[in-house]
Amino acid sequence: MTALAPIPPKSSVDEQPRNRHYVARGRVSTIVTHLCVIIGVLLSIFPFYWLIVMSTSTTGEIFGYPPKLTFGSSFLENARNVVSSVDLLQALVNTIIVSTLCAVLVMFFDSLAAFAFAKFDFPGRKWLFVLLIATMLVPGSLSLVPSFILMSALGWVGTLQALIVPGAANAFGIFLLRQMAAGSIPDELVESARIDGAGFFTTYWRVGVPLLRGGLAFLGIFTFIAAWNDYVWPLIVLVDPDRQTLQTSLQNLNSVYLTDYGMVMAGALISVIPLIGVFIIGSRHFIANIAAGAIKG
């Protein structure tokens, strides 16, 4: 008498098609996600690619039909025209000075204020923070005239101080770092520093700054790019041609009657390249700190 093979339970038989369905649905979801990411990356890169194409082309090629999507051979000529039309080197040095000092000062003063708001109790702290947040609701264009009058009274019109000092702190950075400090800096660590006899600045420098490196890196990059791309305020306050920043100098490439768009795009490309380098260097710090915080969590 032969032994019959055992009949598998009904539940395990029913679960096999269900598991295959879940696996197939997971693969489809992964493929769709990757396609969306690829499309988003291509859409984000295309404006920069188009900028490079126009900077290597002549004005006639830019306005040709159908549009030219391949690189040209006129970049060196366009770059020479940019250098001969504006004092590009001096404008670049001025922009680097303004952007670097603004980023450093914002990181220092904003982190100092944020650490005080997050970890120290003093009279009027809540009302001062509410007032600080309220200033974020005021459009920046409303402060142009009062700021110019103040710079004129100080004798700073036409100097780089008029760009650096007003941009030394901002409410956005204080709010951002305050929220990070409240969640990432333990109160016990601050109390331990106080017990050891550390003052406010020592506690801020040895406890607060190391734990806020990710936020400081982001804020520094954000401020540097904003100061680098600022156009309206430098156009108003910098009346000295030798004190022009990169954005206001490139504006002089536009002519009233005829504009060489290849030259203009070459100047725009030259102004963008340093920003890419700054982002590549600085992004490593805040991405590494964000990843470390996620692992700890």
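Numbering of residues starts from 1 in every chain and runs along the sequence as written. It should be noted that, the model being predicted, local features are given only for residues of pLDDT at least 70 and side-chain atom pairs only at 80 or more, the latter also being counted only at that level, while totals for whole chains, interfaces and linings use all residues. Values shown for side chains rest on all heavy atoms present in the structure; no hydrogens or waters enter the calculation.

A word on the confidence of the model for the chain
pLDDT measures the predictor's confidence residue by residue and takes values from 0 up to 100. Within the chain, residue pLDDT values average 82, and 86% of them lie at 70 or more. Contact criterion: two residues are considered in contact whenever any of their non-hydrogen atoms come within 4.5 Å of each other. In the model, residues 291-297 has pLDDT below 50 throughout and makes zero contacts with residues more than four positions away in sequence or in other chains.

Concerning a nonpolar patch on the surface
Among the surface-exposed residues, Val37, Val41, Ile45, Phe46, Tyr49, Leu69 and Phe71 lie close enough to one another that they form a single nonpolar patch of about 640 Å² accessible area. Here Phe71 lies in the loop between α2 (59-62) and α3 (75-85). In this structure Phe71 comes out as partly exposed when scored by relative accessible area, which is 48%. What goes into a patch is any residue over 30% in relative accessible area without a salt bridge, connected to like charges within 9 Å or, for nonpolar side chains (Val, Leu, Ile, Met, Phe, Trp, Tyr), within 5 Å. The method behind every accessible area is Shrake-Rupley, applied with a 1.4 Å probe, and residues are considered shielded solely by the protein chains displayed. When a carboxyl oxygen of Asp or Glu is within 4 Å of a side-chain nitrogen of Lys or Arg, the pair counts as a salt bridge. Think of it this way: any DSSP run of H or I at least four residues long counts as a helix, any run of E at least two long counts as a strand, and we number them from the N terminus. Categorising residues by exposure relies on relative accessible area from a 1.4 Å probe, with only protein chains included: less than 20% of the type maximum marks a residue as buried, more than 50% marks it as exposed, and the intermediate range marks it as partly exposed.

As for the packing of helix α8 (residues 171-184) against helix α11 (residues 213-229)
Where helices are involved, their axes are fitted lines through C-alpha atoms of the stretch in contact, as for all axes, and angles between N-to-C directions lie from 0 to 180°. Where α8 contacts α11, the two axes come as close as 10 Å, and the packing angle between them is 165°. In terms of orientation, α8 and α11 fall into the roughly antiparallel class. Where α8 crosses over α11, the two elements pack in a sense that is right-handed. Listed contacts from α11 to Phe172, Gly173, Leu176, Leu177 and Met180 of α8 are Gly215, Leu216, Phe218, Leu219 and Phe222. Just so you know the grouping, Ala, Val, Leu, Ile, Met, Phe, Trp, Tyr, Cys and Pro go in nonpolar, Asp, Glu, Lys and Arg go in charged, and all remaining residues, Gly too, go in polar. In terms of residue class, the contact of α8 with α11 is built from eight nonpolar, two polar and no charged. Note on angle classes: values under 35 degrees are labelled roughly parallel, values over 145 roughly antiparallel, values of 65 to 115 roughly perpendicular, and the remainder oblique. If you view the pair so one helix is near and one far, a crossing is left-handed when the near helix is turned anticlockwise from the far one by less than a right angle, and right-handed when it is turned clockwise.

What to know about the packing of aromatic side chains
For Phe, Tyr and Trp, rings pair up if their centres lie within 6.5 Å, where Trp contributes its six-membered ring, and each pair is then called stacked (planes under 30 degrees apart), edge-to-face (over 60) or tilted (otherwise). The full count for this structure, using the stated rule, is 20 aromatic pairs. Ring geometry for Phe218 against Phe222: centres 6.0 Å apart, planes inclined by 25°, an arrangement best described as stacked. Highlighted residues: Phe218 and Phe222, both in helix α11, separated by four residues, approximately one helical turn. You can call Phe218 partly exposed: its relative accessible area is 33%. Overall, the relative accessible area of 43% leaves Phe222 in the partly exposed class. Following the ring pairs from residue to residue traces out a cluster consisting of Phe108, Phe109, Phe115, Phe120, Phe200, Phe201, Tyr204 and Trp205. Seen from the ring of Phe129, Arg178 lies directly overhead, with NZ or CZ sitting 4.8 Å from the centre. Cation placement over rings: the criterion is NZ of Lys or CZ of Arg within 6 Å of the ring centroid and within 35° of the ring normal.

Points about empty space enclosed by the protein
Every definition here rests on a 1 Å grid over the protein atoms only: cavities are sets of points where a 1.4 Å probe fits but cannot get out, pockets are open sets enclosed by protein on both sides within 12 Å along at least five of seven lines, and lining residues have some atom within 4 Å of a point. Grid points are joined across faces, edges and corners, and a volume is the space filled by probe spheres set on the points. The full count for this structure, using the stated rule, is one cavity of 30 Å³ or more. For the largest cavity, the calculated volume is near 30 Å³. Every residue lining the largest cavity is listed: Trp50, Val53, Met54, Ser57, Glu61, Ile62 and Lys68. The set of elements that each furnish at least two residues to the lining of the largest cavity consists of α1 (10-55) and α2. Per-element accounting of the lining of the largest cavity gives the leading share, three residues, to α1. Considering only residue class, the lining of the largest cavity consists of four nonpolar, one polar and two charged.

Overview of the packing of helix α4 (residues 88-119) against α11
For the pair α4 and α11, interaxial distance at closest approach is 8 Å and the crossing angle is 145°. Crossing handedness for the pair α4 and α11: right-handed. Judged by residue contacts, Leu92, Thr95, Ile96, Ser99, Thr100, Cys102, Ala103, Val106, Met107, Asp110 and Ser111 of α4 engage Leu216, Leu219, Gly220, Thr223, Phe224, Ala227 and Trp228 from α11. Tallied by class, residues from the contact of α4 with α11 come to 11 nonpolar, six polar and one charged.

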